[in-house]
Amino acid sequence: MDKHVFYKLCDILQAKGLLRHTNRIKIEEQLAIFMFIIGHNLRTRAVQELFRYSGETISRHFNNVLNAIMAISLDFFEPPVLDIPPEILEDGRFYPYFQDCVGAVDGIHIPVMVGVDEQGPFRNKSGFLSQNVLAACSLDLKFHYILAGWEGSAADLRVLNSALTRRNKLQIPEGKYYLVDTKYANMPGFIAPYPGVPYHLNESSAGFHPQDAKELFNYRHFLLRSATDRIFGALKARFPILMSAPPYPLQTQVKLVVAACAIHNYIRREKPDDWLFKIYEQETGVQLEESFPAPEMEQPVVHVEPPPLEMAFDADQLEVTSRLRDTIAAEMWDDYIRDFGV
């Protein structure tokens, strides 16, 4: 992060009494130790050589700063606003169709290191050890909500259900919704793509013509929902420790995910034109690189069936959400036919 952003964070942590200068290490150096570790994926020995402190001192201040960031993390997560996001309002492909969309929800598998006797539940579909992290984000790449710590084998809908029913739950303003991908179901508060219809098509490629309203809907849905791919890309690029399964206790690994998302939001708030955000904020700007096979990443064209729904919604609620999706798709298709003379 830029210097002024770094020093302001030091001031915040000091003002709230979460960090204090010691006889040997000032707050700025404590935070620097923490940021070097999570931003460069450094182990304690390397940080010892860099800062000239013992391993015990490095470890103690790392945990102190992590706990301080966790203590103020909720200050950096803002709930969705009621106004139409500019990313929708200023783009004719999305407005007025998605005017009630507040962002996107998706899951990401973050590698974990756990003891042999704990590995079973954390082994995901690809055979790797991970925690299944659910994120709700805005279209301008800010996290609204993070739920970390679920085992890698946990079904995505189960994690989402936990986010909706726990005490500190994911809040969705009345009449608004998040976009979700094919791992989730079309249900109140969440609009999914049409099942059995190609997803991830390229409307700008030569010769592409959507065959019907559902195909056009799925494509434009994908463009908006890809905000999650870009925010995850920016998060992993800034904090490579997240993809390395660091040798910390599981609770610390879970805290690191939340703290990294909180710092991401803080930097996004204080310096929205940060160089890393510039790389990832364009809808087609980058091809995300995976250092870890992620089972949730779809192929370029996907035909899917909806996942089984195990959440407490009655038939009338599901029907209302289904009609909403159909209405959006029909209006979008009518305008597309008129504008392009298909």
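That block above? That's the structure.
Residues numbered from 1 in each chain as written. Predicted model: local features only at pLDDT ≥ 70, side-chain atom pairs only at ≥ 80, totals over all residues. Heavy atoms only, no water.

Colleague: Help me understand the pattern of salt bridges, please; the structure alone is not making it clear to me.
Modeller: Oppositely charged side chains can pair when the atoms bearing their charge come close. Tallying each qualifying case throughout the model produces 18 salt bridges. Where Asp75 meets Lys16, a salt bridge forms, and the shortest distance between an N and an O atom there is 3.8 Å. Of the two residues, Asp75 sits in the loop between helix H4 (55-72) and helix H5 (86-89) while Lys16 sits in the loop between helix H1 (3-15) and helix H2 (27-40), which places them 59 residues apart along the sequence. With relative accessibility at 47%, the residue Lys16 sits in the partly exposed group. Between Lys183 and Asp181 there is a salt bridge, and its shortest N-O distance comes to 2.8 Å. Of the two residues examined, Lys183 and Asp181, each falls in the buried class. Connected through shared salt-bridge partners, Asp106, Asp181, Lys183, Arg225 and Asp229 make up one network. (Salt bridge = Lys/Arg side-chain N within 4 Å of Asp/Glu carboxyl O. Helix = DSSP H or I, 4+ residues; strand = E, 2+ residues; numbered from the N terminus. Buried < 20%, exposed > 50% of the residue type's maximum accessible area, 1.4 Å probe, protein only.)

Colleague: Just checking my understanding: could you explain the pairing of strand E2 (residues 130-137) for this structure?
Modeller: Regular strands place their side chains on alternate faces of the sheet. A large share of E2 lies buried, amounting to 8 of its 8 residues. Of the two faces of E2, the one lined by Ser130, Asn132, Leu134 and Ala136 and the one lined by Gln131, Val133, Ala135 and Cys137 are each fully buried. Relative to strand E3 (residues 143-151), E2 is paired through 6 bridges, and the arrangement is antiparallel. Within E3, the position partnered with Leu134 by the bridge is Leu147. Hairpin remark: E2 followed by E3, antiparallel, with 5 residues in the connecting loop; positive phi at Leu141, about 65°. (Pairing = 2+ DSSP bridges.)

Colleague: Is there a simple way to explain the sheet that holds strand E5 (residues 190-191) in this structure?
Modeller: The pairing of strands in a sheet happens through backbone hydrogen bonds and is either parallel or antiparallel. Strands sit in the order E3-E2-E1-E4-E5 across an open sheet of 5 strands; the sheet is mixed. Taken across any chain shown, the strands that pair with only one partner, and hence form the sheet edges, are E3 and E5. One ladder, built from 3 bridges, connects strand E1 (residues 101-111) with strand E4 (residues 177-179); its direction is parallel. Across the sheet, Gly103 pairs through a bridge with Tyr178, a residue of E4. Strands E1, E4 and E5 of the sheet are contacted by helix H8 (residues 213-225), whose axis makes an angle of about 95° with E4. Helix-sheet contacts for helix H9 (residues 227-238) involve E1, E2 and E3, and the interaxial angle to E1 is about 45°. (Contact = heavy atoms within 4.5 Å. Axes fitted to C-alpha atoms, helices over the stretch in contact; angles between N-to-C directions.)

Colleague: What am I meant to see in the packing of H1 against helix H10 (residues 250-270) here?
Modeller: A pair of packed helices is captured by two measures, namely the crossing angle of their axes and the spacing between those axes. With their axes 11 Å apart at the nearest point, H1 and H10 run at an angle of 120° to one another. Judged on the interaxial angle alone, H10 and H1 are oblique. Like other packed secondary-structure pairs, H1 and H10 cross with a definite hand, here right-handed. Seen from H1, the contacting residues are His4, Val5, Lys8, Leu9 and Ile12; seen from H10, they are Tyr266, Ile267, Arg269 and Glu270. Looking at the contact of H1 with H10, its residues break down into 5 nonpolar, 1 polar and 3 charged. (Parallel < 35°, antiparallel > 145°, perpendicular 65-115°, else oblique. Left-handed = near helix turned anticlockwise from the far one by under 90°. Nonpolar A, V, L, I, M, F, W, Y, C, P; charged D, E, K, R; others polar.)

Colleague: What is the right way to look at H1 in this model?
Modeller: Turn by turn, an α-helix covers 3.6 residues, leaving residues three or four places apart pointing in a common direction. When the terminal C-alpha atoms of H1 are compared, their 18 Å separation across 13 residues agrees well with the 18 Å that a helix rising 1.5 Å per residue should span. Within the sequence span of H1, burial applies to Val5, Phe6, Leu9, Cys10, Ile12 and Leu13. End-on, the buried residues of H1 take up no more than an arc of 160°, which puts them together on one face. Turned more than 90 degrees from where H1 packs its buried face, Lys3 and Ala15 sit exposed. Buried-residue contacts for H1 involve H2, H4 and H10. Following H1 by one or two positions, Gly17 adopts a phi angle in the positive range, close to 75°. (Expected span 1.5 Å × (residues − 1). Arc of directions from axis to C-beta.)

Colleague: What's the story with the environment of Cys261 in this structure? I'm lost.
Modeller: Summarising the element assignment, Cys261 is placed in helix H10. For the pair Cys261 and Ile231, spaced 30 residues apart in sequence, the C-alpha separation works out to 9.7 Å. Each residue touching Cys261, except ones within four places of it in the same chain, is listed here: Phe77, Phe143, Ile146 and Leu235.

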